[in-house]
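What the coordinates show
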Amino acid sequence: MKRNVMILAAGKSKRMKSKTGKFLHPVMGQPVIRYVVEMSELLGSEKTVVVVNNDFEPVKQALRDKQLEYAVQDPQLGTGHAVMCGVDLLEGGSTLILLGDAPCIRQETLKEMFEAHEREQADLTVLSVNHSNPYNYGRILREGEQVVAIREHRDCTPEQLEISEINSGVFLLNTDRLKEYLPKLTNDNAQQEYYITDLIELMNQAGLRVRAHVIDDESEVIGINNRSQLWEVTQTMQQRINHHWMVEGVTMIQPDSIFIDAQVELNPDVTLYPGTHLRGKTMIAEDAIIGPNAILTNCQIGQRSLVENSTLKDSIVGQDTTVGPYAYMRPGSVVGNHVKVGDFVELKNAKIGHNTKISHLSYVGDGEVGDNVNIGCGVVFVNYDGLKKHRTIIEDNAFIGCNVNLIAPVEVGRGAYVAAGTTVTGNVPAEGLAIGRARQENKPGWAKGKNKAAKE
Ligand code: UD1
Ligand code: CA
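All of these numbers come straight from a predicted model, not from anything done at the bench.

Attention now moves to the sheet that holds strand 37 (residues 410-412). Pairing within the open sheet is parallel, and its eight strands lie in the order 16-19-22-25-28-31-34-37. At either margin of the open sheet sits one strand with a lone partner, and together these are strand 16 (283-284) and strand 37. Examined bridge by bridge, strand 19 (residues 300-301) and strand 22 (residues 316-317) share two bridges and lie parallel to one another. Bridging from a neighbouring strand, glutamine 300 pairs with isoleucine 316 of strand 22.

As a further point, take the domain arrangement of the chain. Its domain assignment divides the chain into domain 1 (3-221) and domain 2 (231-434). Relative placement of domain 1 and domain 2: their C-alpha centres are 46 Å apart. Contact with domain 1, which involves 10 residues of that partner, is made by 12 residues of domain 2. Both sides of the domain 1 and domain 2 interface together cover about 970 Å² of buried area, and 66% of this is carbon and sulfur. Applying the counting criterion to the domain 1 and domain 2 interface returns zero salt bridges. Where domain 1 touches domain 2, the interface holds three residue pairs in polar contact (both at pLDDT 80 or more). In terms of residue class, the side of domain 1 that touches domain 2 is made up of five nonpolar, three polar and two charged.

Take the coordination of the calcium ion (ligand 2) next. Of the protein atoms, only Asp101 (OD) and Asn225 (OD1) coordinate the calcium ion (ligand 2), at distances of 2.4 to 2.6 Å. Residue aspartate 101 is found in the loop between strand 6 (94-99) and helix 4 (107-119), and its partner asparagine 225 is found in the loop between strand 11 (210-215) and helix 8 (227-247); the two are separated by 124 residues along the sequence. Look at aspartate 101 and you get buried, because its relative accessible area is 11%.

Our next topic: the pairing of strand 26 (residues 340-343). Both strand 23 (residues 322-323) and strand 26 contribute to a ladder of two bridges, which runs parallel. Directly across from threonine 322, in strand 26, lies its bridge partner lysine 340. Judged from the three bridges that link them, strand 26 and strand 29 (residues 357-360) form a sheet pairing that is parallel. Along strand 29, the bridge assignment pairs aspartate 343 with histidine 360.

Analysis parameters
Residues numbered from 1 in each chain as written. Chains lettered and ligands numbered in written order. Predicted model: local features only at pLDDT ≥ 70, side-chain atom pairs only at ≥ 80, totals over all residues. Heavy atoms only, no water. Pairing = 2+ DSSP bridges. Helix = DSSP H or I, 4+ residues; strand = E, 2+ residues; numbered from the N terminus. Domains from an automatic or database assignment. Contact = heavy atoms within 4.5 Å. Buried area = accessible area lost by both parts, 1.4 Å probe. Salt bridge = Lys/Arg side-chain N within 4 Å of Asp/Glu carboxyl O. Polar contact = N/O pair within 3.5 Å; in protein donor to acceptor, adjacent residues only side chain to side chain. Nonpolar A, V, L, I, M, F, W, Y, C, P; charged D, E, K, R; others polar. Donors = N, O, S within 2.8 Å, 3.2 Å for Na, K, Ca; no water. Buried < 20%, exposed > 50% of the residue type's maximum accessible area, 1.4 Å probe, protein only.

In structure tokens, the structure reads:
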């Protein structure tokens, strides 16, 4: 049967107290709403309609790569009203209604819900859970297998508040049935809103079968209304992602301190230490060791490499390379194999060849460094003249001594040496030596008189 999905995402997110709607807050690197849209994709939905409010541009932008239709709800008169706003875009088959603020429902759960709906020959199935803290959720009222009503927390009697079975907000029903009963909803409740949940009483009055598909895992149904729930959802997603990668062969030391975005790719025998954050489209190859305390955004790390206590953005690191502790790789850095990028080294838009060492305290900005190069301590690629950035090229086997300034644009030829303390303003020929510093002069006995005077 044809599957339609409708995602309700028109709420104003007041309880978030944020400039940004709750659907766009990121959870493990991805806006909340994308998880819900991906749920509908995995179910093979033929048509997915997202109901949005009048501030829809940012939502559309966040979902621009997805095949979706949009309906605008303005003003927001409740979940039932939201469905009314989008229902004309749906035709035939069944409709699954999802809440845009509940991103943790599993694909298998929804599959089982579809199966239960058919097996029970239900007219409407609601996804429910027995919740340890049902506060603020709608309660499921039953007579045996039949769900007779869903009562919002605000509208419950004290006895009804004792009920622990709650409405997840997910409903499955025949599209034509939805169209038949939707116009009958009223706003006769504490909030004076049109509740989608009132469909259940209306369908009961008509003698239709309403069932609940009950699940055990309450983490699946968390709806984000405030920042505390945003954190609950983040933790749920974090645990799922970490569990997934551990099962795939990744070692994690203290996984609750490790945050891996949804799109990250890991490989067997990767080890992650506490305080590791892998963000965006990061990829870590086999046997690499990351952390403790490493933040990698959109990076690729090669096999057996080590990244410790460092921050890397939009960069590529080869195999058997070590980065850190306390290195900073900024966008556009590409580092080869068997390289050392040591402590307090900053790279920016820099290409570093194989077997090169930049062991400590250097800035390599807009540089191209060949293979087997040694960059001593305190070398600065002086790339900025106040107006423009310029490039520095260091060819293979060159040796740059400590405390050298390379005033770009400048080139150091193959196998050339630059003496410590030199400020390089012109190109250095291959195999040559550049030395540019005042010659040392010794004045024997010069301090003697001085020291005496100081003591007296
Ligand atoms: C809703 C359910 C409650 C359920 C809970 C599960 C209703 C009346 N209540 O309560 O039974 O236990 O979800 O999380 O359905 N929305 C619109 N337009 C509106 C109002 C809401 O699109 O006019 C959207 C919201 O953006 C949100 C979803 O519908 O994504 C649910 O609305 P929300 O206000 O969060 O409802 P809850 O109070 O959480
Ligand atoms: Ca909610």
